[in-house]
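Descriptive structure summary
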Amino acid sequence: MATAHDMLAFIAASPSPFHCVAEGARRLAAAGYRAVDEGEPLPALEPGAGFYVERGGTLIAWRGGARSPSAAGFRILGAHTDSPNLRIKPRVESTSEGYVRWAVEPYGGLIVATWADRDLGLSGRVALRGADGLETRLVRVDRPIARIPNLAIHLNREVNEKGLTLNKQTHLPPVVALAGAAHPSAELFVSLLARELDVAPEQLLAWDLMLHDVTPPTLGGVHDEFIFSARLDNQASSYCALEALLALEDHVPEATSVIMLFDHEECGSLSERGASSALGPQLLRRVMGAHAAHDGGSLSQAMTRSLMVSADMAHAVHPAYAERHEPEHKPRINAGPVIKHNVNTRYATDAVVAARFKLACADVGAPVQEFVNRSDLTCGSTIGAISAANLACPTVDVGCAMLSMHSIREQAGAADVAWMQQAMTRVLRDG
Ligand SMILES: [Zn+2]
């Protein structure tokens with residue numbers, strides 16, 4: 001339960017990918033990891049020494065193994081920091097029927113209807129003109145400043161029969177205020193930001209901002225066996241990877257340990273900091289060169305000796321829709337990590353890496369489950385196959401079982417988190 005509680009705190013600190021990275025960096029620094037500027041030469045990597053780089057919503061950390069990466073490989077834990085949500089457009093405000101609304105754009109594959117009638121805050125990062133040039137600052141407004149109101153059933157009589165359909169352009173802009181003389185609407189957004197950041201409105205240049213549900217994560221269910229929270233996909237896996245690395249404590253495995261928490265998975269991973277980017281292979285090549293025991297070996301040598309665990313959430317069987325699952329592959333909540341299979345490589349798992357992960361689970365006493373999609377339903381995707389191809393690294397796709405994936409508020413199991421973290425630590429330790 002301590003792990004589940006700590007994960008709730010991690011997610012509560014992370015309303016946006018940028019905050020998730022900041023919270024991850026804070027935890028790494030507290031454990032003695034040192035921040036590295038990507039633009040400078042990497043510091044020499046002694047066995048047991050840890051470093052990290054932040055690039056927007058992407059966080060990569062590594063810790064030197066006892067042997068050089070070309071001799072012992074890397075053990076890599078991958079996940080993603082981003083979640084489907086609503087993002088603020090550049091020109092924000094409009095007034096309609098006496099209400100001020102903000103222009104938003106759906107990010108990733110959100111279940112749009114779940115965003116109605118929720119209390120929404122604002123978070124992300126802002127680029128501004130500071131005293132010494134361009135500055136980037138995190139911003140977080142946790143008050144319920146925005147809301148997407150449902151239409152009353154009296155004016156929408158078929159909503160229960162037809163389901164709630166919301167037009168992404170016209171129905172989603174949230175109401176944030178009544179238009180009035182006290183706050184000329186054109187200035188509302190910018191003046192709010194300026195106040196939050198304690199800067200003049202003219203200093204604000206651009207933003208990567210988004211809405212979030214201000215309801216905090218919590219344990220739930222009669223026996224507290226569930227977690228009810230936003231962004232479980234995939235901050236739960238990001239948390240497990242991060243804490244798996246920190247759980248090594250003073251132990252120095254033979255292989256160099258790496259965690260890669262990528263931004264932009266929900267929109268396809270193709271960006272300067274996504275899993276498709278050159279960031280991963282470029283940085284691993286530099287980490288290898290910086291290792292104190294580097295013997296001139298190549299990254300491709302290192303990759304033949306490496307293993308990546310790509311963690312993203314898995315679909316638990318739903319009691320009302322059990323037929324959506326392959327009959328013998330129905331992951332359950334609090335029944336252990338799920339290994340994900342797809343022969344058409346939507347998941348990277350093959351027999352060898354699946355077996356290695358099963359051994360890691362067995363070593364820590366974690367039960368293990370397996371998932372494969374029904375053959376007549378399209379399989380989802382994640383960073384596993386992309387990273388496997390990009391790094392040429394054997395990769396197993398895994399995840400904790402959950403319900404309500406991509407809803408504004410999701411549901412997972414309190415026990416699964418600790419099992420996943422322990423199995424991941426076992427993979428890092430396994431020389
Ligand atoms: Zn995901």
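As a reminder, the structure under discussion sits directly above these lines.
Let us look at the sheet that holds strand E4 (residues 74-80). As summarised here, the arrangement of the nine strands in space is E1-E2-E3-E13-E4-E14-E18-E16-E17, forming an open sheet in which the pairing is mixed. Only two strands of the sheet have a single partner each, and these edge strands are strand E1 (34-35) and strand E17 (369-372). Bridging between strand E16 (residues 338-341) and E17 involves four bridges; their strand directions are parallel. Bridging across to E17, Ile339 finds its partner in Glu370. Across the sheet, helix H9 (residues 351-363) is in contact with E4, strand E14 (307-311), E16, E17 and strand E18 (395-399); its angle to E18 comes to roughly 50°. Against the sheet, helix H10 (residues 383-391) touches E4, strand E13 (256-262), E14 and E18, its axis set at about 155° to E14.

A few words on helix H6 (residues 232-246). Counted at 1.5 Å a residue, the expected span for H6 with its 15 residues is 21 Å, and the 20 Å between its end C-alpha atoms agrees. The buried fraction of H6 is high, at 15 of 15 residues.

A separate point is the side chain of Ser16. Residue position: Ser16 is located in the loop between helix H1 (2-12) and helix H2 (17-30). Here Ser16 falls in the buried class, since its relative accessible area comes to 0%. Within the structure, Ser16 has its side chain in polar contact with the side chain of His19 (distance 2.7 Å). When neighbours within four sequence positions are excluded, Ser16 is seen to be in contact with Ser123, Gly124, Met210 and Gln235.

To continue, consider the pattern of salt bridges. Side chains that differ in sign of charge can pair as their charged atoms come close. Summed over the entire model, instances satisfying the criterion amount to 20 salt bridges. Arg55 serves as the salt-bridge partner of Glu38, at 2.8 Å between the closest nitrogen and oxygen. Of this pair, Glu38 sits in the loop between E1 and strand E2 (50-55) while Arg55 sits in strand E2, and the two are 17 residues apart along the sequence. Judged by relative accessible area, Arg55 falls into the partly exposed class, the value being 24%. In this structure, Arg143 and Glu196 form a salt bridge, with 3.2 Å as the shortest nitrogen-oxygen distance. Here Arg143, found in strand E8 (residues 133-146), pairs with Glu196, found in helix H5 (residues 188-197); they are 53 residues apart in sequence, far enough to count as distant. Among the residues examined, Arg143 registers a relative accessible area of 43% and is labelled partly exposed.

So, on to the coordination of the zinc ion. All of the protein donors around the zinc ion are His80 (NE2), Asp233 (OD), Asp312 (OD) and Asp312 (OD); their distances to the metal are 2.0 to 2.6 Å. Bound by four donor atoms, the zinc ion shows angles of 53 to 140° at the metal and therefore irregular coordination geometry. Between consecutive donor residues of the zinc ion, the sequence gaps follow H-x152-D-x78-D. Here Asp233 lies in helix H6 and His80 lies in strand E4, a separation of 153 residues in the sequence. Given the relative accessible area of 0%, His80 is considered buried.

What follows is about H9. Helical periodicity: at 3.6 residues per turn, an α-helix aligns residues three or four positions apart in one direction. The end-to-end C-alpha distance of H9 is 18 Å, a good match for the 18 Å that 13 residues give at a rise of 1.5 Å each. Every buried residue of H9 is listed here: Val353, Ala354, Phe357, Ala360 and Cys361. Mapping the buried residues of H9 onto a view down its axis gives an arc of 120°, with all of them on the same face. Away from its buried face, by an angle of more than 90 degrees, H9 presents the exposed residues Ala351, Val352, Leu359 and Ala362. The N-cap residue of H9 is Asp350: its side-chain oxygen and the backbone nitrogen of Val352 are 3.1 Å apart.

All right, on to the pairing of E8 then. Relative to E8, strand E7 (residues 120-130) runs antiparallel, the two sharing ten bridges. The residue of E8 that forms the bridge with Ser123 is Arg140. Taking the residues between adjacent antiparallel strands as the criterion, E7 and E8 are bridged by two residues.

Further remarks concern the nonpolar core. Counting residues in each nonpolar core, the largest one holds 53 residues, and the members touching the most others are Leu28, Ile227, Leu232, Phe357 and Met424. When sequence neighbours within four positions are dropped, the list of residues in contact with Ile227 reads Ala4, Met7, Leu8, Thr218, Leu219, Leu232, Glu410, Gln411, Ala412, Gly413, Ala414 and Val417. Among the nonpolar cores identified, the runner-up in size contains 32 residues, and Leu86, Trp115, Val139 and Leu211 belong to it.

Here we take up the sheet that holds strand E15 (residues 314-315). Read across the open sheet, the five strands follow the order E11-E12-E20-E19-E15; overall the sheet is mixed. The open sheet is flanked by strand E11 (218-220) and E15, the only strands paired with a single partner. As paired strands, E11 and strand E12 (residues 226-229) are joined by three bridges and run antiparallel to one another. Looking across to E12, one finds that Gly220 is bridged to Phe226.

Residue placement: Asp397 occurs in strand E18. Of the side chains bearing the opposite charge, Lys340 lies closest to the buried Asp397, which forms no salt bridge; the N-O distance is 5.6 Å. There is a polar contact of 2.7 Å between the side chain of Asp397 and the backbone nitrogen of Ala348. With near-sequence residues (within four places) excluded, Asp397 lies in contact with Ser310, Val338, Ile339, Lys340, Tyr347, Ala348, Thr349, Thr382, Gly384 and Ala385.

All right, on to the packing of aromatic side chains then. Counting across every chain of the model gives five aromatic pairs. Grouping aromatic residues by their ring pairs yields a cluster made of Trp102, Phe189 and Trp207. The ring centre of Tyr107 lies 3.7 Å from the NZ or CZ of Arg87, which sits over that ring.

Note on strand geometry: in a regular strand, side chains alternate between the two faces of the sheet. In terms of residue burial, E18 counts as a mostly covered element, since five of its five residues are buried. The alternating pattern of E18 places Thr395, Asp397 and Gly399 and Val396 and Val398 on opposite faces, both of which are buried. Looking at chain direction, E14 and E18 are connected through four bridges and run parallel. What sits directly across from Val309, in E18, is Val396. Bridge count between E16 and E18: two bridges; the pairing is antiparallel.

Calculation criteria
- Residues numbered from 1 in each chain as written.
- Predicted model: local features only at pLDDT ≥ 70, side-chain atom pairs only at ≥ 80, totals over all residues.
- Heavy atoms only, no water.
- Pairing = 2+ DSSP bridges.
- Helix = DSSP H or I, 4+ residues; strand = E, 2+ residues; numbered from the N terminus.
- Contact = heavy atoms within 4.5 Å.
- Axes fitted to C-alpha atoms, helices over the stretch in contact; angles between N-to-C directions.
- Expected span 1.5 Å × (residues − 1).
- Buried < 20%, exposed > 50% of the residue type's maximum accessible area, 1.4 Å probe, protein only.
- Polar contact = N/O pair within 3.5 Å; in protein donor to acceptor, adjacent residues only side chain to side chain.
- Salt bridge = Lys/Arg side-chain N within 4 Å of Asp/Glu carboxyl O.
- Donors = N, O, S within 2.8 Å, 3.2 Å for Na, K, Ca; no water.
- Tetrahedral: all angles 85-135°; square planar, octahedral: opposite > 155°, others 65-115°.
- Arc of directions from axis to C-beta.
- Core = buried A, V, L, I, M, F, W, Y, C linked by side-chain atoms within 4.5 Å.
- Lys, Arg positive; Asp, Glu negative; His and termini not counted.
- Phe/Tyr/Trp six-rings, centres within 6.5 Å; stacked < 30°, edge-to-face > 60°.
- Lys NZ or Arg CZ within 6 Å of the ring centre and 35° of its normal.

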